[in-house]
Amino acid sequence: MKIYNTLTKKKEDFIPLEPGKVKMYVCGPTVYNLIHIGNARPMIVFDTVRRYMEYKGLEVNYVSNFTDVDDKIIKKAVEEGVEASVISQRYIEECKKDMAALNVKPATMHPLATEEICGMLDMIGDLIEKGYAYAAEDGTVYFRTRSFKEYGKLSHKNLDDLQGGNRSLLVSGEHQKEDSLDFVLWKPKKDGEPYWESPWCNGRPGWHIECSVMSKKYLGEQIDIHAGGEDLVFPHHENEIAQSEAANGKEFAKYWMHNAFLNIDNKKMSKSLGNFFTVRDIAEKYDLQILRFFMLSAHYRSQLNFSAELMDAAKNGYERILTSVENLKYLLAESTVDVLTESEGEMLVEANSFVTKFEEAMEDDFNTADALSAIFELVKYTNTQADSKKSKEFLQELLNKIKVLADICGLVVEKQAEILDTDIEELIKQRQEARKERNFQRADEIRDELLAKGIVLEDTREGVKWKRA
RNA sequence: GGCGCGGUAGCCAAGUGGUAAGGCCCCGGUCUGCAACACCGUCAUCACCGGUUCAAAUCCGGUCCGCGCCUCCA
């Protein structure tokens, strides 16, 4: 299994610190609103990474936080006149609903920043003691960036460029820093803000320290994979490395994975451009499985563009897989042969080549676009070979293969048993009778009537099938 | 200014040395009362220029175009 490592800018063989086990930390969202579709990309991508690893028999300890203390949360709380925790709790619940709809597995652990303050105070104290951090007059604690010799190794920046290039960005209140590159570990509260007591001042943590602390607490001082959106490379992940490695004295994460951004109609998504979509917005128009399929149709490290046209194309592609699965289930019920024949055995060997292709794609830095193409080839093979004369065992094997591969991608391809309203059932029966009598006008009327109710009929060789539009 | 990424068919997207996967959309056909589904078939020489090589979309140099990050946006 190869993983592209931002740290080394190379694809590397994945070797877990502990054989058979994976410690993985994925930076989660700040919960001040419903999550947007950009937030969904890392969730889907890294959930797929996790699923593939589990498929390969690795035990994945997957930790993903919710940042529940932050300026934006406080701002929203002030606007609504409620406690910050009301806002964060609300959006954590909503986020979990969206994740479930996207078929993103819950993390092994979803820690909250506000519940890990003690650990943060410990780590900050430790950093001060070791000379990596200092408290300013007003109680703000800063990390002494230049004291960490390897600072910049992840984002491949050198400190002098950073300082020189950003001198103009120095803002007021920064004068108390020893160096403009220093970043905040702990900051004083302002009026009306939530705060915690600390040796330096009543205040709250900086953003970066929480991930260092939660990662350490739930996964240990050294982890296998740390992941997130590419915008987090600098400064967030760079700062995490500085904090963790300075405090723990050992390499923090072996592999750093970053997904590229999702654009909307070729522009960066932003509220001011009016092209901002929450996952909930998309759910009104599409089954979220289609969004997941769409996200996996490109490599996670390439920029992906979102548009209604592309979602419609994704819908059609995704349904091609569903149709094949439905057909297999139908044939399975029709088949009267139980045992696999020799020629069917040979066909399964051929079908297996698509499974191999799928795995090879995933082994190569999780090339989901290529992996999906392997599923399509398997689907094509299935559509060509499967018919009601084949044995149940053969059909079941094909069905299993498709389901297993789709499940690695987190795609649900089996519609849940839907219950027909009795009047719909009755209409379908009436239409069949009309067709028998070659009263096609009546048959079409009924079909249109059902279509108006969102029921699409298909007269296949195997009988009448229906689905919701 | 610094660092980095990308330009492959109408659209999306794999492929990083040996004569272009897959999906969507068109078009022709089979099946079908029709439609839908499915199947068969058709559809590109890989931004441009030059170089290396027996051989390049794939390596090197240049040009044009698009994009990202550079202190809290996934």
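Residues numbered from 1 in each chain as written. Chains lettered and ligands numbered in written order. Predicted model: local features only at pLDDT ≥ 70, side-chain atom pairs only at ≥ 80, totals over all residues. Heavy atoms only, no water.

## Quick word on the sheet that holds strand S13 (residues 304-306)
Worth spelling out the cut-off: Between any two strands, at least two bridges found by DSSP are needed for them to pair. Numbering of helices and strands runs from the N terminus, with a helix taken as a DSSP run of H or I at least four residues long and a strand as a DSSP run of E at least two residues long.
The mixed open sheet is built from three strands, whose spatial order is S12-S11-S13. Of all the strands in the sheet, just strand S12 (267-268) and S13 have a single pairing partner and so form its edges. One ladder, built from two bridges, connects strand S11 (residues 262-264) with S12; its direction is antiparallel. Its bridge partner lying in S12, isoleucine 264 is registered against lysine 267.

## A short note on helix H12 (residues 368-385)
Rule in force here: Expected helix span is computed as 1.5 Å times (number of residues minus one). Exposed residues in this analysis have more than 50% of their type's maximum accessible area, buried residues have under 20%, and partly exposed residues fall in between, with area computed by a 1.4 Å probe over protein chains only. Whether two residues are in contact is decided by their heavy atoms, any of which lying within 4.5 Å being enough.
With 18 residues, H12 ought to run about 26 Å at 1.5 Å a step, and its terminal C-alpha atoms sit 25 Å apart, in line with that. Among the residues of H12, those classed as buried are Thr368, Ala371, Leu372, Ala374, Ile375, Leu378, Val379, Tyr381 and Thr382. Buried residues belonging to H12 abut helix H1 (37-55), helix H9 (288-296), helix H10 (308-334), helix H11 (342-363) and helix H13 (392-408).

## Regarding the confidence of the model for chain A
Selection criterion: pLDDT measures the predictor's confidence residue by residue and takes values from 0 up to 100.
Here chain A shows a mean pLDDT of 91. Residues at 70 or above account for 96%. Every residue in residues 164-172 scores below 50 in pLDDT, and together they form one contact with partners more than four places removed in sequence or on other chains. With a pTM of 0.92, the predicted complex shows an ipTM of 0.94.

## Describing the packing of aromatic side chains
The geometry of an aromatic ring pair comes down to the distance between the two centres and the angle between the two planes. What counts is decided by this rule: Any pair of Phe, Tyr and Trp rings, taking the six-membered ring for Trp, is counted once the centres come within 6.5 Å. Such a pair is stacked with planes under 30 degrees apart, edge-to-face with planes over 60 apart, and tilted for the rest. Two thresholds decide whether a charge sits over a ring: the Lys NZ or Arg CZ must be within 6 Å of the ring centre and within 35 degrees of the ring normal.
Following the criterion strictly, the structure yields 14 aromatic pairs and no others. Ring centres of tyrosine 132 and phenylalanine 143 lie 6.2 Å apart, and the angle between their planes is 10°; this geometry places the pair in the stacked category. On the criterion of sequence distance, the pair formed by tyrosine 132 in the loop between helix H4 (117-129) and strand S5 (133-135) and phenylalanine 143 in strand S6 (residues 141-143) is long-range, its members being eleven residues apart. Overall, phenylalanine 143 belongs to the buried group, its relative accessible area being 0%. When the centroid spacing of 6.2 Å and the interplanar angle of 45° are considered together, the rings of phenylalanine 293 and tyrosine 318 count as tilted. Residue phenylalanine 293 is found in helix H9, and its partner tyrosine 318 is found in helix H10; the two are separated by 25 residues along the sequence. An aromatic cluster is built from Tyr52, Tyr55 and Phe366, whose rings are joined through pairwise contacts. We note lysine 157 situated over the ring of phenylalanine 234; from NZ or CZ to the ring centre the distance is 5.2 Å. The aromatic ring of tyrosine 300 is capped on one face by arginine 301, whose charged end is 5.9 Å from the ring centroid.

## Some details on the protein's contact with RNA strand B
The criterion, for reference: The cutoff for a nearby residue is simple: one of its non-hydrogen atoms must lie within 4 Å of the molecule or strand. Think of a polar contact as two N or O atoms within 3.5 Å of one another; within protein, one of them needs to be a possible hydrogen donor and the other a possible acceptor, and neighboring residues in sequence only count if both atoms come from side chains. Charged means Asp, Glu, Lys or Arg here, nonpolar means Ala, Val, Leu, Ile, Met, Phe, Trp, Tyr, Cys or Pro, and polar covers whatever is left, Gly included.
Residues in close proximity to RNA strand B total 57 residues, the closest being Gly229, Lys268, Gln303, Asp370 and Arg447. Near the protein, meaning within 4 Å, the atoms of RNA strand B are sugar or phosphate in a fraction of 62%, with bases accounting for the rest. One nitrogen or oxygen atom from the side chain of asparagine 367 is found 2.9 Å from a sugar or linking oxygen belonging to RNA strand B. Contact between RNA strand B and glutamate 458: a sugar or linking oxygen at 3.2 Å from a side-chain N or O atom of the residue. For the surface near RNA strand B, the element with the highest residue contribution is H12, accounting for eight residues. Each residue belonging to the surface near RNA strand B can be placed in one class, and the counts come to 16 nonpolar, 20 polar and 21 charged.

## A short note on the sheet that holds strand S8 (residues 203-205)
Either a parallel or an antiparallel arrangement is found when strands of a sheet pair, and the pairing is made through backbone hydrogen bonds. Threshold: Every axis in this analysis is a line fitted to C-alpha atoms, fitted for helices over the stretch in contact. Angles between the N-to-C directions lie between 0 and 180 degrees.
Within the open sheet, the four strands sit side by side as S5-S6-S7-S8. Their pairing is antiparallel. Both outer strands of the open sheet, S5 and S8, are each paired with one neighbouring strand and no more. Neighbour to neighbour, the strand axes of the sheet diverge by 20° on average, direction disregarded. Here three bridges tie S6 to strand S7 (residues 183-188), and the two strands are oriented antiparallel to one another. Looking at the pairing, phenylalanine 143 lines up with phenylalanine 183 of S7.

## Considerations on the pattern of salt bridges
The test is simple: When a carboxyl oxygen of Asp or Glu lies within 4 Å of a side-chain nitrogen of Lys or Arg, that pair is called a salt bridge.
Counted under the stated rule, the structure contains 36 salt bridges. Across the pair glutamate 80 and arginine 90 runs a salt bridge whose closest N-O atoms are separated by 2.7 Å. Highlighted residues: glutamate 80 in helix H2 (residues 71-80) and arginine 90 in helix H3 (residues 84-101), separated in sequence by ten residues. Residue glutamate 80 is classed as partly exposed on the basis of its relative accessible area, which comes to 36%. Classification of arginine 90 as partly exposed rests on a relative accessible area of 30%. With a closest N to O distance of 2.7 Å, glutamate 178 and arginine 144 form a salt bridge. Of this pair, glutamate 178 sits in the loop between helix H5 (159-165) and S7 while arginine 144 sits in the loop between S6 and H5, and the two are 34 residues apart along the sequence. What you see here is one network of salt bridges that share partners, running through Asp47, Arg51, Arg292 and Asp407.

## Some details on the nonpolar core
What counts is decided by this rule: Buried Ala, Val, Leu, Ile, Met, Phe, Trp, Tyr and Cys residues that are joined via side-chain atoms within 4.5 Å together make up what is termed a nonpolar core.
Judged by nonpolar contacts, the single largest core of 91 residues is most densely connected at Ile37, Met53, Ile225, Leu291 and Phe366. Aside from chain neighbours lying at most four places away, what touches phenylalanine 366 is Met1, Lys2, Ile3, Val49, Tyr52, Met53, Met257, His299, Tyr300 and Ala361. Among the nonpolar cores identified, the runner-up in size contains 40 residues, and Leu121, Phe148, Met214 and Ala253 belong to it.

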